[in-house]
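Coordinate inspection notes
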Amino acid sequence: MTWKRSYGHRDRSHGSIVADLRTVGIYVCDFVSAGNGIPDIQTYCNAKAAFIEVKEKGGEFSFNQIKFFSEYPGYVGFARDFREAEEVARLPTQFAFSGAEKLKLRQWTVRNEGRSLGINKFLELIGRKTTAKVKD
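Bear in mind the structure is a predicted one, so any value in this text is a computation, not a measurement.

With that settled, the discussion passes to the packing of helix α5 (residues 99–111) against helix α6 (residues 119–126). Two numbers describe a pair of packed helices, the interaxial angle and the distance between the axes. Across the interface, α5 lies against α6 with an axial gap of 9 Å and an inter-helix angle of 115°. Contacts between α5 and α6 involve Glu101, Lys104, Leu105 and Trp108 from the former and Phe122, Leu125 and Ile126 from the latter. Counted by class, the contact of α5 with α6 contains five nonpolar, no polar and two charged residues.

Spelled out as structure tokens, the structure:
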């Protein structure tokens, strides 16, 4: 993977989401300052690790974030609030991006070098209405 260096941005809800996850017993590593598309936090719960990108309502995913999502082989998802973050952390097989969704993201990165996507367009691209997976 080749990454263009960019620095992390802390969304307003980031601190409270991290604190609330820790309060309910979920182990959290904070990577918000890492940049380069690396998600804001990594959680460990129920013997599963998951990266989670924290986004505020109206937020955008950078090209590097979408590229990371598409190429990372493990669990990765996003959350706009504590409830969504807890869902990804506790049940990544249900709430993290699937292989098919990652493939759609990978195809998008090939055609859209350097572009970003707002949350609604991002969800539309992967075929979801919410952070929860759409049932087949």
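Further notes follow.
Taking burial as the measure, the five residues of strand β5 (residues 75–79) include four buried ones, the bulk of the element. By the bridge criterion, five bridges tie strand β3 (residues 48–54) to β5 in an arrangement that is parallel. Bridge pairing in β5 places phenylalanine 51 opposite valine 76.

Moving on, we come to helix α3 (residues 82–90). Where α3 is concerned, the buried positions are Glu84, Ala85, Glu87, Val88 and Ala89. Buried residues along α3 sit in contact with α1 (14–23), β2 (41–45), β3, β5 and α4 (92–95). Residue aspartate 81 occupies the N-cap position of α3, its side-chain oxygen lying 3.2 Å from the main-chain nitrogen of arginine 83.

The next subject is the nonpolar core. Formed by 16 residues in total, the largest nonpolar core has its most connected members in Phe61, Ile66, Phe69, Phe78, Phe97 and Phe122. Contributions of two or more residues to this core are made by α2 (63–71), β5, α5 and α6. In this structure, isoleucine 66 is in contact with Phe61, Leu105, Trp108, Thr109, Leu117 and Phe122, ignoring residues within four places of it in sequence. Core analysis: the next-biggest nonpolar cluster, separate from the first, contains 15 residues, Ile26, Cys45, Ala50 and Val88 among them.

Per the stated rule, a full pass over the model turns up 12 aromatic pairs. Seen from their ring centres, phenylalanine 51 and phenylalanine 68 are 5.4 Å apart, and the 85° between their planes marks the pair as edge-to-face. Highlighted residues: phenylalanine 51 in strand β3 and phenylalanine 68 in helix α2, separated in sequence by 17 residues. For the pair phenylalanine 51 and phenylalanine 68, a shared accessibility class is recorded, and that class is buried. For the ring pair phenylalanine 69 and phenylalanine 122, a centre distance of 5.9 Å and an interplane angle of 75° mean the geometry is edge-to-face. Linking phenylalanine 69 in helix α2 with phenylalanine 122 in helix α6, this pair joins segments that are 53 residues apart in sequence.

This part is about the confidence of the model for the chain. Predicted confidence across the chain gives a mean pLDDT of 89, with 86% of residues reaching 70 or more. Of the regions scoring below 50 in pLDDT, residues 1–7 engages in 20 contacts with residues more than four places distant in sequence or in other chains.

What follows concerns the pattern of salt bridges. The full count for this structure, using the stated rule, is eight salt bridges. A salt bridge links lysine 55 to glutamate 53; its shortest N-O distance comes to 3.5 Å. The same class applies to lysine 55 as to glutamate 53, namely buried. One network of salt bridges, in which partners are shared, links Arg80, Arg83, Glu84 and Glu87.

Locating lysine 102 in the fold gives a position in helix α5. No salt bridge is formed by the buried lysine 102. Its closest oppositely charged neighbour is glutamate 101, at 8.8 Å. Excluding residues within four positions of it along the chain, lysine 102 makes contact with Phe69, Ser70, Tyr72, Pro73, Gly74, Val76 and Phe97.

Analysis parameters
Throughout, residues of each chain are indexed from 1 in the direction in which the sequence is written. With the structure being a predicted model, the display of local features is reserved for residues of pLDDT at least 70 and the display and counting of side-chain atom pairs for 80 or more, all residues being used for whole-chain, interface and lining totals. Think of the side-chain values as coming from all heavy atoms in the structure, minus any hydrogens and water. Lines fitted to the C-alpha atoms define the axes, with helices restricted to the stretch that makes contact. Angles between their N-to-C directions range from 0 to 180 degrees. Where helices and strands are cited, they refer to DSSP runs of H or I of at least four residues and of E of at least two residues respectively, numbered from the N terminus. By the convention used here, residues are in contact when the closest approach between their heavy atoms is within 4.5 Å. In this count, Pro and Cys sit with the nonpolar residues alongside Ala, Val, Leu, Ile, Met, Phe, Trp and Tyr, while Asp, Glu, Lys and Arg are called charged and the others, Gly among them, polar. Each residue is placed in one exposure class: buried if its accessible area under a 1.4 Å probe, protein chains only, is under 20% of its type's maximum, exposed if it is over 50%, and partly exposed if it falls in between. Two strands pair if DSSP finds at least two bridges between them. Contacts described as polar in this section are N or O atom pairs within 3.5 Å, which, within protein, must combine one atom able to donate a hydrogen with one able to accept it, while residues neighboring in sequence count only if both atoms come from side chains. In these notes, a set of buried Ala, Val, Leu, Ile, Met, Phe, Trp, Tyr and Cys residues joined through side-chain atoms within 4.5 Å is what counts as a nonpolar core. Note on ring pairs: Phe, Tyr and Trp rings are taken, using the six-membered ring of Trp, and paired if centres are within 6.5 Å. Classes follow the plane angle, with under 30 degrees stacked, over 60 edge-to-face and the rest tilted. Confidence of the prediction at every residue is given by pLDDT, a number between 0 and 100. We count a salt bridge whenever a side-chain nitrogen from Lys or Arg sits within 4 Å of a carboxyl oxygen from Asp or Glu. The charge count includes Lys and Arg as positive and Asp and Glu as negative, but it does not include His or the ends of the chains.

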